[in-house]
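Take a look at the letters that make up each chain.
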Amino acid sequence: MAKKGKLKKAFLALGLVLALTPALVGCSNYKMEKADEISTKITHVMQEENINYNDASVTQFKLIGADVAKTAFEFGVKFNGVAELSNGENAFATAEYKVPSEYFINLKKKSSEEDVFKVLDRIVSEIKVSKCTVTPVKDLSETSDAFVKNSPSPFNKYSIDEGMVYNITPPTFDDTNKTVTFEVKTLMELVKNKSKPGWGVGIGFDGTIAFGYGVPITMTQARGTFTTLDKYTFQVDDNIYEQMKNDPKMVYDYVVNAINSKDRSKVDADRLLTSDVAYNESDLLNLVTIDSLEEGLSK
């Protein structure tokens with residue numbers, strides 16, 4: 001399922017209902033153990049590939065989840081997460097793999113966490129990484145919270161129950177127009193509450209108590225996990241532009257400050273894509289938060 005749309009230039013879409021801190025219940029020990037194993041392997045991969053940012057190498061990677069996309073003859077898999085660098089900075093990070101289709105031949109969207117994470121673990125164990133990116137930000141939690149807060153639900157009548165930034169691309173600088181752009185991928189669980197009529201005790205219109213059909217006494221929920229891809233664009237003066245080129249972390253601080261101050265004039269935001277997750281168990285949205293991941297990087 002995919003849907004294209006457009007965010008208005010204004011920030012903080014009206015009617016957005018958001019819980020920024022997931023309830024960590026029903027935690028799967030298996031899933032977290034496998035995620036930790038994959039995180040350790042990707043850390044080693046990034047170190048072996050000498051992935052660095054301004055001479056700072058990756059000291060630790062923590063997985064959030066994997067994007068799986070079918071291409072013509074293979075699958076493109078992106079392991080998204082956060083990383084700690086040797087200079088003490090934290091970053092959003094991604095390791096990309098080109099995977100033969102036979103790795104996924106037995107997986108379905110609702111496959112168990114065991115089946116999904118066995119395949120993901122096999123990928124990082126057997127296949128050479130094709131690309132890695134690291135995007136340092138000043139504060140992982142503050143950055144994620146701001147962008148999720150600013151992200152409208154992609155579907156009418158659905159609210160965002162949980163969400164976190166999945167990945168942020170390095171900025172692109174347009175020297176002619178002094179324009180800066182970057183993309184933010186957000187992982188979110190959407191929910192829609194619906195009342196369902198059923199049998200029960202209700203109050204009659206004449207004041208009597210009656211037992212009958214038609215009283216909405218139960219609630220059902222429609223849920224789904226999606227990723228959204230948003231493009232942020234803004235323009236600054238020559239001096240700030242050059243400072244941002246020298247220190248790209250300023251780019252994300254600029255937009256975070258615009259969101260938090262509700263300054264509608266500084267930044268344009270466009271919704272490029274909304275996608276259903278390929279496998280329901282390919283991410284850790286219900287098990288981790290950006291805060292917990294950031295705390296784990298410091299240990």
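Here is a short report on the structure shown in this document. (Residues numbered from 1 in each chain as written. Predicted model: local features only at pLDDT ≥ 70, side-chain atom pairs only at ≥ 80, totals over all residues. Heavy atoms only, no water.)

Glancing now at the environment of Val180. With respect to the helices, strands and loops of the structure, Val180 is situated in strand S9 (residues 179–203). The exposure class assigned to Val180 is buried, which follows from its relative accessible area of 0%. A C-alpha to C-alpha distance of 8.2 Å links Val180 and Tyr232, two positions 52 residues apart in sequence. Setting aside residues no more than four positions away along its own chain, Val180 makes contact with Pro171, Thr172, Phe173, Tyr232, Thr233, Phe234, Tyr241, Met244 and Val251. (Helix = DSSP H or I, 4+ residues; strand = E, 2+ residues; numbered from the N terminus. Buried < 20%, exposed > 50% of the residue type's maximum accessible area, 1.4 Å probe, protein only. Contact = heavy atoms within 4.5 Å.)

What follows concerns the pattern of salt bridges. By the definition in use, this model includes 14 salt bridges. The salt bridge partner of Lys34 is Glu37, with a shortest N-O separation of 3.1 Å. With Lys34 and Glu37 both in helix H1 (residues 29–48) and 3 residues apart, this pair spans about one turn of that helix. Asp276 is the partner of Lys109 in a salt bridge, and the nearest nitrogen-oxygen pair spans 3.2 Å. Of this pair, Lys109 sits in the loop between strand S5 (90–100) and helix H2 (113–126) while Asp276 sits in strand S11 (residues 267–276); the two residues are 167 residues apart in sequence, bridging distant segments of the chain. On the basis of relative accessibility, which here comes to 31%, the residue Lys109 falls in the partly exposed class. Looking at Asp276, the relative accessible area reads 27%, which means it is partly exposed. Because the salt bridges share partners, they merge into one network encompassing Lys34, Glu37, Lys41 and Asp121. (Salt bridge = Lys/Arg side-chain N within 4 Å of Asp/Glu carboxyl O.)

Before going further, it helps to spend a moment on unusual backbone geometry. A positive phi angle, near 75 degrees, is found at Lys157, a position not held by glycine. Residue classification places Lys157 among the exposed residues on the basis of a relative accessible area of 73%. The phi dihedral of Lys262 is positive, around 55 degrees, even though this residue is not glycine. Mapped onto the secondary structure, Lys262 falls in the loop between helix H5 (249–260) and S11.

Our next topic: the packing of helix H3 (residues 140–149) against H5. Their axes nearest at 9 Å, the elements H3 and H5 cross at an angle of 50 degrees. Taken together, the axes of H3 and H5 are oblique relative to one another. Relative to H5, the crossing made by H3 is left-handed. Of the residues in H5, those touching H3 at Glu142, Thr143, Ala146, Phe147 and Lys149 are Val255, Val256, Ile259 and Asn260. Residue classes in the contact of H3 with H5 are distributed as 5 nonpolar, 2 polar and 2 charged. (Axes fitted to C-alpha atoms, helices over the stretch in contact; angles between N-to-C directions. Parallel < 35°, antiparallel > 145°, perpendicular 65-115°, else oblique. Left-handed = near helix turned anticlockwise from the far one by under 90°. Nonpolar A, V, L, I, M, F, W, Y, C, P; charged D, E, K, R; others polar.)

The next thing to look at is the packing of H1 against H2. Running from N to C, H1 and H2 point in directions that differ by 10 degrees, and their axes come no closer than 10 Å. One way to sum up the angle between H1 and H2 is to call them roughly parallel. Residues Tyr30, Lys31, Lys34, Ala35, Glu37, Ile38, Lys41 and Ile42 of H1 pack against Glu113, Glu114, Phe117, Lys118, Leu120, Asp121, Val124 and Ser125 of H2.

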